[in-house]
Amino acid sequence: MSMWRALRQMPAQAGRPEEEHGEAVRASDSDEARDPRHEPQSTGSALLMAALTRENLQQALKRVRANKGAAGADGLDIDQTAEHLCTAWPAIREQLLSGTYRPSPVRRVTIPKPDGNGERELGIPTVTDRLIQQALLQVLQPILDPTFSEHSYGFRPGRSAHDAVLAAQSYVQSGRRVVVDVDREKFFDRVDHDILLGRLQKRIADAGVIRLIRAYLNSGIMDDGVVQQRTMGTPQGGPLSPLLANVLLDEVDKALERRGHCFVRYADDANVYVRTRRAGERVMALLRRLCGKLHLTVNETKSAVASVFGRKFLGYAFWAAPGGVIKRRVANKPIATFKQRIRQLTRRNGGRSLQDVVGRLRTYVLGWKGYFRLAQTPGVWRELDKWLRHRLRAIQLKQWKRGDTMYRELTKLGAKPEIARQVAGNSRRWWRNSGMLLNSVLPRLS
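Described in the following lines is the structure provided in the data block. Everything numeric in this text was worked out from a predicted model, so none of it was measured.

Describing the packing of helix α13 (residues 332-345) against helix α15 (residues 378-400)
Consideration 1: Where α13 contacts α15, the axes come no closer than 11 Å and their chain directions differ by 15 degrees. By the criterion of interaxial angle, the relationship of α13 to α15 is roughly parallel. Relative to α15, α13 is oriented so that their crossing is right-handed. Residues Ile335, Phe338, Lys339, Ile342 and Arg343 of α13 touch α15, and the partners they reach there are Val380, Leu384, Trp387, Leu388 and Arg391.
Consideration 2: In terms of residue class, the contact of α13 with α15 is made up of seven nonpolar, no polar and three charged.

Printed below as a string of structure tokens:
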């Protein structure tokens, strides 16, 4: 039985609750507000009832399926969770409305950081909890997002990392060549629950929603089968985590806005652009105080007041073209990470066909180029393309192995006999041949 059928089994609404308040009440009028056969003692949460309407849950399910993702601590994937919810959902919904629901612990996993420096910790909720969080996100985001700073770009509808990079470029172009680059140490692990919920309660006066979010924050982390309780942090991995981060950091954004600063924030990455180093030091001192009020710590090793041309933001760096025009480029570290990954995918001892190698490469390269498409350095793209094709030609040479095979295959491809003979005569020098004579025979191998 599909999860769609499980949601369709939800009974229809028996009637309006006695009290109506909040923006989301009308959304629940056409759906189930409570089980007519066994009414739980509701928390009176209009937002929570709106989150649990049939249409909202179905939309949340689409997003959870689209995001795919691994199983949580219960070991159930999406299809297995569908079977479970066919019978368990009425009881779960009753617990949600009565305020007695207790989320499962998140499953701790670590992934390498994009820049290759260390690992990033994730907390993977169960599919059931991802569904509930996504449904809650869809109700809260339209209320909270309009209250956030215009300088915030991370995980917000209609905004992207590219928008943040373009905004940063405009500030540099305006003459602000000094950047206050602030790194908050282990931000998602250090979020103070009481401070976060206090800030959220000022925006959402709904006890049922606050209670449920606190339950998620306190749900614990399962590591190697052992559940560890936590008193701080909102691990990355759940749908609500980015929204909660924006709620907390919006206080810092608004403080910078009141002082008229030009800045860009994407999740916990923030850059403030000023004209002088002295002004930058004052802003850095201000940010230390603001972070201290939120019980957050500035990572002094990674943070700095420096020239914008020596720093990166969201993988991009800036350079000054002739005439003083500020342009974008891929920062050095992402290029090094790209090359490292390409070397892994194009090892000549992998035992895979060239077609298989190209198939794996295509997914990674297209995604990488899609993100860095704003770079204004065509020469870098040409050099990377040349280097990548060089590696593919080397794989092809090694797979042909013997000199007579190389000679036969090259002549089939239209190589002149003398060129094919030269390549075949150095059959073990794959890298050298693939970058010189072979380039004229297989110039567009990809």
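Still to come is the rest of the account.
Some details on a positive patch on the surface
Consideration 1: A contiguous patch of positive charge on the surface is contributed by Lys202, Arg258, Arg259, Arg289 and Lys293.
Consideration 2: Positionally, arginine 289 belongs in helix α12 (residues 277-293).
Consideration 3: With relative accessibility at 53%, the residue arginine 289 sits in the exposed group.

Points about the packing of aromatic side chains
Consideration 1: In this structure the tally under the stated criterion is 10 aromatic pairs.
Consideration 2: When the centroid spacing of 6.1 Å and the interplanar angle of 35 degrees are considered together, the rings of tyrosine 171 and tyrosine 273 count as tilted. With a gap of 102 residues between them, tyrosine 171 in helix α7 (residues 161-173) and tyrosine 273 in strand β7 (residues 269-274) connect regions that are remote in the sequence.
Consideration 3: You can call tyrosine 171 buried: its relative accessible area is 16%.
Consideration 4: Since its relative accessible area comes to 2%, tyrosine 273 is described here as buried.

The rules we used
- Residues numbered from 1 in each chain as written.
- Predicted model: local features only at pLDDT ≥ 70, side-chain atom pairs only at ≥ 80, totals over all residues.
- Heavy atoms only, no water.
- Axes fitted to C-alpha atoms, helices over the stretch in contact; angles between N-to-C directions.
- Helix = DSSP H or I, 4+ residues; strand = E, 2+ residues; numbered from the N terminus.
- Parallel < 35°, antiparallel > 145°, perpendicular 65-115°, else oblique.
- Left-handed = near helix turned anticlockwise from the far one by under 90°.
- Contact = heavy atoms within 4.5 Å.
- Nonpolar A, V, L, I, M, F, W, Y, C, P; charged D, E, K, R; others polar.
- Patch = residues over 30% accessible without salt bridge, like charges linked within 9 Å, V, L, I, M, F, W, Y side chains within 5 Å.
- Areas by Shrake-Rupley, 256 points an atom, 1.4 Å probe, with all protein chains shown as cover.
- Salt bridge = Lys/Arg side-chain N within 4 Å of Asp/Glu carboxyl O.
- Lys, Arg positive; Asp, Glu negative; His and termini not counted.
- Charge placed at Lys NZ, Arg CZ, Asp CG, Glu CD.
- Buried < 20%, exposed > 50% of the residue type's maximum accessible area, 1.4 Å probe, protein only.
- Phe/Tyr/Trp six-rings, centres within 6.5 Å; stacked < 30°, edge-to-face > 60°.

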